[in-house]
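# Geometric and topological summary
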Amino acid sequence: MLRPPVARLQALSRSLAATTRFSSTRPFSTNMKAVIYNSTGDSSVLQVGDVPKPSPGPTDVLMKVEWAGVNFIDIYFRTGLYPTTFPATTGREGAGVIEALGADVPAEYNLSVGDRVACYAQNVMAEYCATPAARLMKLPDAVTTRQGAGLILQGLTAWTLVKDAHEVKAGEVVLVHAAAGGTGGLIVQMAKHLGATVIGTASTPEKIAIAKEHGCDHVINYSHQSVLDEVMRLTDGKGCHAVFSGIGKATFKDDLECCRKKGTMVTFGNASGAIEGFRPLELGKKNVKLIRPRLDVYVSEREDFEQRSAELLDLVAKGIVKLDIAKEYTMEQVGQAHDDLSGRKSTGKLIVKIAD
Ligand SMILES: NC(=O)c1ccc[n+]([C@@H]2O[C@H](COP(=O)([O-])OP(=O)(O)OC[C@H]3O[C@@H](n4cnc5c(N)ncnc54)[C@H](OP(=O)(O)O)[C@@H]3O)[C@@H](O)[C@H]2O)c1
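Below is a summary of the structure that appears in this document. Every value quoted in this text rests on a predicted model; they were computed, and no experiment measured them.

## Focus: the packing of aromatic side chains
Evaluation of the coordinates by the stated rule reveals five aromatic pairs. Geometrically, the ring pair formed by Tyr 37 and Phe 86 is edge-to-face, given 5.9 Å between the ring centres and 70° between the ring planes. Of the two residues, Tyr 37 sits in strand β1 (residues 31-37) while Phe 86 sits in the loop between α2 (72-79) and β4 (88-89), which places them 49 residues apart along the sequence. Following the ring pairs from residue to residue traces out a cluster consisting of Phe 72, Tyr 76, Phe 77 and Tyr 82. Residue placement shows Lys 53 over the ring face of Tyr 128; its charged tip is 4.0 Å from the ring centre. Over the face of the ring belonging to Phe 77 we find Arg 92, whose NZ or CZ atom lies 4.1 Å from the ring centre.

Now the structure itself:
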């Protein structure tokens, strides 16, 4: 089938980019700065080192990174909870500008050199990353690369949790743990937008104030209040239609109790450690549905990635969802960012400036 002239030009530009890529006289053979580690361990294993600038494969895009987001998954890989190979580059989300496209990037992705994009991929905390084009989201004018970098992983996670893991509906009551945090703060805003009453949790008075700013109707200080007692008091003993928890083992037992009959328990992370020793029979007390979702599975098909990304960007562009960027770090300070996140010192989103 004949392609229209614009598509042919795009294909030509891609094939020229690919030719550049395979030329023996650069630009893909030089080194670049990246935040790397050579063994698992505490945050001191992270260092800024020189590594080869990556070459994009046929369906990849080479992105010049401007900003990268910090996420719990970076800590799971660094500490060895999730396996990795060495030397490893940290970072799973970032944003910047497309420098080159692989020759086989589908035209329908509508990507061009110079586009501002955010990516959900690996090895992002580096001056350049080569990332599957299918995991790139083009940013509208209303969304900066600084916002895009902090949005794509936690934002898509939060949006798929409230749409796919448990579709939040108007009139429901939901419990959201760590409501002052990155993912939790976004879930709160989205659940409110979808018409739910939101009960949040947070561990300090300062975090409670932030959880309220995120839109919680009620906030429980779970450092000294019983979440279960408070949830039952606030729901006339019925419990919540859904519980969203990235805390893991520390709250799991009570989280199940906080669900109402036929409610949904969404456990999406391990901030306090992985859940162990659970017996499915426990679910039968209230016929609770239990789901342990992962973002990468929800968006593994380009169609799903595009749909949920477009919806997310629309919510941000319209100001319905606000990205709460609480702290910026340099590449040299990424270890500090990990410690702030795992040490419960952070709120909102933590991002790293890679380049202007
Ligand atoms: N399934 C997925 O695809 C997916 C994707 C993204 C994120 N996640 C998960 O979402 C969760 C939140 O990630 P995030 O990056 O948005 O972090 P975050 O919520 O900004 O920070 C974690 C918060 O968890 C709370 N927390 C409670 N107990 C904790 C403990 N023992 N250690 C550390 N923190 C504890 C703290 O808030 P308080 O001090 O207020 O308690 C802390 O600030 C993580 O479990 C992460 O793995 C999952």
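Next comes the rest of the description.
## A few points about helix α3 (residues 145-165)
Here α3 is 21 residues long and its end C-alpha atoms lie 28 Å apart, about the 30 Å a rise of 1.5 Å per residue gives. When the local axis directions of α3 are compared, the greatest deviation, roughly 50°, occurs at Leu 151. Across the 21 residues that make up α3, a large majority, 17, are buried.

## Things to note about the sheet that holds strand β2 (residues 47-52)
Strand order across the open sheet formed by three strands is β2-β1-β4, with antiparallel pairing between neighbours. The sheet terminates laterally at β2 and β4, the two strands that pair on one side only. Relative to β2, β1 is paired through six bridges, and the arrangement is antiparallel. Counted as the bridge partner of Met 32 is Val 51 from β2.

## Observations regarding the site of the ligand
Around the ligand, 29 residues are found, and the nearest of them are Tyr 76, Thr 183, Ser 203, Lys 207 and Tyr 222. Interatomic distance of 2.7 Å between a side-chain N/O atom of Tyr 76 and an oxygen atom of the ligand. Ser 203 has a polar side-chain atom sitting 2.5 Å from an oxygen atom of the ligand. Elements that contribute at least two residues to the shell around the ligand include exactly α2, α3, α4 (182-193) and α10 (334-342). Grouping the constituent residues of the shell around the ligand by class yields twelve nonpolar, 13 polar and four charged. Shared between two domains, the shell around the ligand holds at least three residues of each, these being domain 1 (5-150 + 314-353) and domain 2 (169-292).

## Quick notes on the pattern of salt bridges
According to the stated counting rule, one finds 18 salt bridges in the structure shown. The shortest N-O distance in the salt bridge between Arg 146 and Glu 328 comes to 2.9 Å. You can see Arg 146 sitting in helix α3 and its partner Glu 328 sitting in strand β15 (residues 325-329), a full 182 residues away along the chain. Looking at Glu 328, the relative accessible area reads 38%, which means it is partly exposed. Of the charged contacts in the structure, one is a salt bridge between Arg 308 and Glu 311, with a shortest N-O distance of 2.7 Å. Of this pair, Arg 308 and Glu 311 both sit in helix α9 (residues 302-317), separated by three residues, roughly a single helical turn. A relative accessible area of 24% means that Glu 311 is categorised as partly exposed. A single network of salt bridges, built from pairs that share partners, joins Glu 257, Arg 279, Glu 282 and Lys 285.

Definitions and limits used
Residues numbered from 1 in each chain as written. Predicted model: local features only at pLDDT ≥ 70, side-chain atom pairs only at ≥ 80, totals over all residues. Heavy atoms only, no water. Phe/Tyr/Trp six-rings, centres within 6.5 Å; stacked < 30°, edge-to-face > 60°. Helix = DSSP H or I, 4+ residues; strand = E, 2+ residues; numbered from the N terminus. Lys NZ or Arg CZ within 6 Å of the ring centre and 35° of its normal. Expected span 1.5 Å × (residues − 1). Bend = angle between axes of the 7 residues up to and from the residue. Buried < 20%, exposed > 50% of the residue type's maximum accessible area, 1.4 Å probe, protein only. Pairing = 2+ DSSP bridges. Near = heavy atom within 4 Å. Polar contact = N/O pair within 3.5 Å; in protein donor to acceptor, adjacent residues only side chain to side chain. Nonpolar A, V, L, I, M, F, W, Y, C, P; charged D, E, K, R; others polar. Domains from an automatic or database assignment. Salt bridge = Lys/Arg side-chain N within 4 Å of Asp/Glu carboxyl O.

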